[in-house]
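Survey of secondary and tertiary structure
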Amino acid sequence: MIEFEIPFVCLIFTSLIFLVFFLKKKVELEENFYYKNILIFTLLVNTTNFISHYLASIYAKKNISDTFAFVFSNINKLGSLFIVIITINILSYILYISYEKYRKNFKRNNIINTIIYLIVGILIFLLKFNVYQIGGITSGQGSSIILTFSLAFINLIIALIISICHFKNYDKRYYAIYFIITLIFLLGIFVFFHPQFNIYDLILSLLCYLMYFTIENPDIKMLNEVTLAKEQAEKANNAKSEFLSSMSHEIRTPLNAIVGFSEDLKEKIQDEEQKEEINDIVMASESLLEIVNGILDISKIEANKLEIVNTEYSFKKVFDELVILTKARLGEKPLDFRVNYDESIPKYLYGDYARLKQIILNLLTNAIKYTNDGYIDFTVNSVKKDNICRLIISVEDSGIGIKKENIDKLFSKFERFDKERNITIEGTGLGLAITKKLVELMNGKIVAQSVYGKGSKFTVAIDQVIVNKEEKEEEIKHVTHNDFSKYKVLVVDDNLINLKVATKLLESFKLKIDTCESGFSCLDKIKNEEKYDLILMDDMMPKLSGVETLKKLQEIKGFNIPVIALTANAISGMKEKYLSDGFNDYLAKPIDKIELQRVLEEFLTK
Ligand code: ADP
């Protein structure tokens, strides 16, 4: 019979767990600290036990010498101390997962634990440990052993009681604790009454093994950490979106006033110099608005909140609008703007034309911004297969070009190149990042080519569905009605400046205008049977919001006036939200004159 067989196997077994645990990449948590201690001291207990059993087997048939007794008792005392340290760590682990206060004092608790180790160590070494031999088996007894078992027992009992009391608060993975502590208990009691079965080595190795695969597995911990980090990031992102939404609202409201009043002044003032200055104010406000919109767009895309809204559209109408907008942006620049559409592109397509416009307009605007003379070529080609038409859109310029090393960084957020040369060109470095994300959302591709100093070419390929139908009459001859003098509009807004701005804008369409400052007075007016042809309603009003006012209006018998949502809240999906709330259309502040005209034409002249 080889007496050190079990300790040897346990030593190997714990060493393996030790290696796996320490070599594996893991997140460093305070909680791990206790398991690390349990593992290290188990390995040490296994080692002292193995040495003690090995010595015992050598001396089994010999008489116990003083030297042997000295070495044997001290090695066992050391092992006893390690066992107490392990149970203190089990207790600390339970305290740590059960009490917030204990977690907060992590460092202080560790100092206290170290002091306890020292005191227990001194006591164990001072107390008696008698070595004796019965039937060839070397063993020990004495107050040192009694102290060890008592302390281990007390620690485990307290740990068990605390864990039972906190059962409800534990994460499911901690349920294994009950099984582990109970098992150690039962085996401990067994060893106490049958010291000849020296199996506490086995108990401890088993403890490390069970903990590793249940509550301390580094993979599970890492996964938990990742999930936690993800949740936190999502929370932060939501907070950011909310902040941006309210920021957008706050910035748009004063901007609305600036743009509105400046536009009005521009028409009234005769002095050319003053007119130019006011024009600058309008332009500056518009670029500020563009920046706000850019920041909103990128955060919407990053929060996966930007939705692609596919509808049927007329290719020519959308692309002609782009050309008109680009020509207006060219201003005084002596650039040759050349447009070339493939004749065979179907008249009607199905896709998100608003986002497509945004993509192309970003490229065209950049071409204008970064080209001082020469040309801009805007070309649209197509490849058709079944009912899909792949639009291949390219914007080529003879501008300043982009250095080779910058091409890869072109689509990253906030990247701007040649800062010294572009110092006078406005921009945030968001345009191309948004463009690329939009192209990807629409399952398309974008490529940039450039020769520094010569020019750049951006090519976008996007698939759109072909719609087979005849061209509609009305879209060919686009009539504009500028005189709406027979119609009366009610504007509802709690902000007086906003009311003034809206009134000024509507006056330019020669409309009859009435205003009111709350949903309640709007309801009163309708109940008093005042006649309106259209209502423009702000949403964010105190006490009764626009949406709530609309719901109440719809309850009035015979109410059939179109209601347009008027709001500074331009965050993603707002148009869809307002339409689903029952509004007939949506106008974002600052009110765009062309958009307003579209709404007036649609709801007053049809
Ligand atoms: P912004 O124009 O607001 O700075 P963009 O994301 O649209 O941001 O563009 C990023 C950078 O790429 C610009 O700052 C500019 O240096 C460069 N760039 C973009 N388009 C062109 C172009 N057509 N010609 C030269 N440089 C360009």
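In this report, we go over the structure that sits alongside the text. Since the model is a prediction, treat every value here as computed from it, not as a measurement.

A closer look at the nonpolar core
- Core analysis: the biggest nonpolar cluster contains 50 residues, and Tyr 35, Ile 86, Tyr 93, Ile 177, Leu 207 and Met 211 have the highest contact counts within it.
- Looking at this core, the element that brings in the most residues is helix α3 (residues 66-98), giving 14 residues.
- Look past the residues within four positions of Ile 86 in its chain and what remains in contact with it is Ile 38, Phe 41, Thr 42, Val 45, Leu 204 and Leu 207.
- Core analysis: the second largest hydrophobic core is formed by 47 residues, Ile 360, Val 380, Phe 417 and Ile 434 among them.

Observations concerning the site of the ligand
- Around the ligand, 20 residues are found, and the nearest of them are Asn 366, Lys 369, Tyr 370, Arg 416 and Leu 432.
- Note that an oxygen atom of the ligand is positioned 2.8 Å from one of the side-chain N or O atoms of Asn 366.
- Gly 431 has a polar backbone atom sitting 3.3 Å from an oxygen atom of the ligand.
- The protein chains hide 97% of the 530 Å² of surface that the ligand would expose on its own.
- Only α12 (353-369), α14 (431-441) and β9 (455-467) provide two or more residues apiece to the shell around the ligand.
- Each residue belonging to the shell around the ligand can be placed in one class, and the counts come to eight nonpolar, eight polar and four charged.

Structural notes on unusual backbone geometry
- With phi around 50°, Asp 386 is a residue other than glycine that occupies positive phi space.
- Along the chain, Asp 386 falls in the loop between β6 (374-385) and β7 (388-397).
- The class of Asp 386 is exposed, set by a relative accessible area of 73%.
- Phi at Lys 510 is positive, roughly 60°, even though this residue is not glycine.

Section: the sheet that holds strand β12 (residues 534-538)
- Spatially, the five strands line up as an open sheet ordered β11-β10-β12-β13-β14, and their pairing is parallel. Two strands bound the open sheet, and with one partner strand each, they are β11 (512-516) and β14 (585-588). The average undirected angle you get between the axes of adjacent strands in this sheet is 20°.
- As paired elements, strand β10 (residues 488-492) and β11 share five bridges and run parallel to each other. Note that in β11 the partner of Val 489 across the bridge is Ile 513.
- Strands β10, β11 and β12 of the sheet are contacted by helix α16 (residues 496-507), whose axis makes an angle of about 170° with β11.
- Contacts from helix α17 (residues 519-527) reach β10, β11 and β12 within the one sheet, and its direction differs from that of β11 by about 130°.

A short note on the packing of helix α6 (residues 143-165) against helix α7 (residues 176-193)
- Axis separation between α6 and α7 bottoms out at 10 Å; the angle between their running directions is 155°. Classified by the interaxial angle, the pair formed by α6 and α7 is roughly antiparallel. Judged by the twist between their axes, the crossing of α6 over α7 is left-handed. Residues Phe 149, Phe 153, Leu 156, Ile 157, Ala 159, Leu 160, Ser 163 and Ile 164 of α6 form the contact with α7, whose participating residues are Ile 177, Tyr 178, Ile 181, Thr 182, Ile 184, Phe 185, Gly 188, Val 191 and Phe 192.
- Looking at side-chain class alone, the contact of α6 with α7 contains 14 nonpolar, three polar and no charged residues.

Observations regarding the packing of α17 against helix α18 (residues 546-555)
- The contact between α17 and α18 brings their axes to 10 Å, and the two run at 20°. Between α17 and α18, the angle falls in the class roughly parallel. Like other packed secondary-structure pairs, α17 and α18 cross with a definite hand, here right-handed. Side by side, α17 and α18 meet where Gly 519, Cys 522, Leu 523 and Ile 526 of the first sit next to Thr 549, Lys 552 and Leu 553 of the second.
- For the contact of α17 with α18, the class distribution of residues is four nonpolar, two polar and one charged.

Let's talk about α7
- Along its 18 residues, α7 runs 26 Å from first to last C-alpha, staying within 8% of the 26 Å computed at 1.5 Å per residue.
- For α7, the set of buried residues is Ala 176, Ile 177, Tyr 178, Ile 180, Ile 181, Ile 184, Phe 185 and Val 191.

Rules behind the numbers
Residues numbered from 1 in each chain as written. Predicted model: local features only at pLDDT ≥ 70, side-chain atom pairs only at ≥ 80, totals over all residues. Heavy atoms only, no water. Core = buried A, V, L, I, M, F, W, Y, C linked by side-chain atoms within 4.5 Å. Buried < 20%, exposed > 50% of the residue type's maximum accessible area, 1.4 Å probe, protein only. Helix = DSSP H or I, 4+ residues; strand = E, 2+ residues; numbered from the N terminus. Contact = heavy atoms within 4.5 Å. Near = heavy atom within 4 Å. Polar contact = N/O pair within 3.5 Å; in protein donor to acceptor, adjacent residues only side chain to side chain. Areas by Shrake-Rupley, 256 points an atom, 1.4 Å probe, with all protein chains shown as cover. Nonpolar A, V, L, I, M, F, W, Y, C, P; charged D, E, K, R; others polar. Pairing = 2+ DSSP bridges. Axes fitted to C-alpha atoms, helices over the stretch in contact; angles between N-to-C directions. Parallel < 35°, antiparallel > 145°, perpendicular 65-115°, else oblique. Left-handed = near helix turned anticlockwise from the far one by under 90°. Expected span 1.5 Å × (residues − 1).

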